[in-house]
Amino acid sequence: TGSFGKGLQFGATVGYLFTENIGAELNVGYLIGETITHTQTDSRGSFQEEKSSAKMLRLTPSIKIQIGKKNITPYMRFGLVIGLAPKITVSYLLNMPNSTNPLTEESSRIMSGGTSIGFSAGMGANFKLNKRIGVFAELSLVSQAWAPKKAVFTKSIVNGVDVLPSSTISQKEVEYVNPYVQGVFNANEPTKSLKTYMPFSSIGINVGLQIAIGKQK
């Protein structure tokens, strides 16, 4: 288990101070998540491995409260995090060399669709280098989850044979729904599966460069 929110996020933030102590910010960031790996083996030599990684564009509007405007200015912020264009790529490998019918499977699928809304908070400090340039460091908390709407297989190889071109729509596409009601099977439609939320929460450290625009006191 693990959170798809772990990894690296790059971005930029614009902000405006309404008063000396209260302002608003909008961060635009892109998350590149770490790879989560699950493996399983048994006494007969069978091996399974699944690797998953996520990417997501994030918009984070926040209210910022700071204490004064000194060379070192502590602050805290809180707001929403909106996930756009989320995607999880899953690669699967199965190797059963010692079974009655030896089997090797390789597949890849991409889960996508929908948006996600969560919460974000941070606490840190701005360190002023001169009137316009400074650096900041903060401890950041993100609480977020996302449920994909669909999955599409992009690779399916069985015993060295590419079976994706001959697969039916039900074999290579999945539609996630809630509520899920088992209906009549149709090979020409995506397979229905229960919608499940994936964890994207994280705790991390943000550092960056700060550039002030406008009149400076």
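Shown above is the structure to which this text applies.
Residues numbered from 1 in each chain as written. Predicted model: local features only at pLDDT ≥ 70, side-chain atom pairs only at ≥ 80, totals over all residues. Heavy atoms only, no water.

Caption draft 1: Here's a closer look at the pairing of strand β2 (residues 22-33). In the sheet, strand β1 (residues 7-17) pairs with β2 via 11 bridges, with the strands oriented antiparallel. Note that in β2 the partner of Q9 across the bridge is L31. The hairpin formed by β1 and β2 contains four residues between the paired strands. In terms of strand pairing, β2 meets strand β4 (residues 47-66) through 11 bridges, oriented antiparallel. Within the sheet, the bridge partner assigned to G29 lies in β4 and is R58. (Pairing = 2+ DSSP bridges. Helix = DSSP H or I, 4+ residues; strand = E, 2+ residues; numbered from the N terminus.)

Caption draft 2: Main features of the pattern of salt bridges. Enumeration over the complete set of coordinates arrives at six salt bridges. Among the salt bridges present, the one from D42 reaches R44, with a minimum N-O distance of 4.0 Å. Residue classification places D42 among the partly exposed residues on the basis of a relative accessible area of 34%. A relative accessible area of 53% means that R44 is categorised as exposed. Across the pair K155 and E106 runs a salt bridge, and its minimum N-O distance is 3.4 Å. Of the two residues, K155 is situated in strand β10 (residues 150-158) and E106 in strand β6 (residues 103-112); the sequence distance between them amounts to 49 residues. Its relative accessible area of 32% is what places E106 among the partly exposed residues. (Salt bridge = Lys/Arg side-chain N within 4 Å of Asp/Glu carboxyl O. Buried < 20%, exposed > 50% of the residue type's maximum accessible area, 1.4 Å probe, protein only.)

Caption draft 3: Representation of the nonpolar core in the model. Counting 14 residues, the largest nonpolar core has F4, I88, M111, M198 and F200 as its most contacted members. The set of elements that each furnish at least two residues to this core consists of β4, β5 (72-96) and β12 (173-177). Beyond its immediate chain neighbours, meaning those up to four positions away, M111 contacts P86, K87, I88, V90, W146, P148, K150, A151, Y176 and M198. (Core = buried A, V, L, I, M, F, W, Y, C linked by side-chain atoms within 4.5 Å. Contact = heavy atoms within 4.5 Å.)

Caption draft 4: Main features of the layout of surface pockets. Volume-wise, the second largest pocket comes out at about 210 Å³. A breakdown of the residues in the lining of the second largest pocket according to their chemical character gives five nonpolar, four polar and two charged. (1 Å grid on protein atoms, 1.4 Å probe; cavity = no way out; pocket = protein on both sides within 12 Å on 5 of 7 lines; lining within 4 Å. Points joined across faces, edges and corners; volume = space filled by probe spheres on them. Nonpolar A, V, L, I, M, F, W, Y, C, P; charged D, E, K, R; others polar.)

Caption draft 5: Seen up close, the packing of aromatic side chains. Using the criterion set out here, one finds three aromatic pairs in the structure. Ring plane angle 70 degrees and centroid distance 5.5 Å describe the contact between Y16 and F18, whose orientation is recorded as edge-to-face. Note on accessibility: Y16 and F18 belong to one class, exposed. Where W146 meets F200, the ring centres are 6.1 Å apart and the plane angle is 80 degrees; that geometry is what we call edge-to-face. Placement of W146 in strand β9 (residues 145-146) and of F200 in the loop between β14 (198-199) and β15 (202-211) is noted, with a sequence separation of 54 residues between them. We note that W146, like F200, is buried. Joined through ring pairs, the aromatic side chains of F4, W146 and F200 make up one cluster. Looking at K64, its charged tip hangs above the ring of Y75, at a distance of 4.3 Å from the centre. (Phe/Tyr/Trp six-rings, centres within 6.5 Å; stacked < 30°, edge-to-face > 60°. Lys NZ or Arg CZ within 6 Å of the ring centre and 35° of its normal.)

Worth remembering: the numbers are spatial, not functional.
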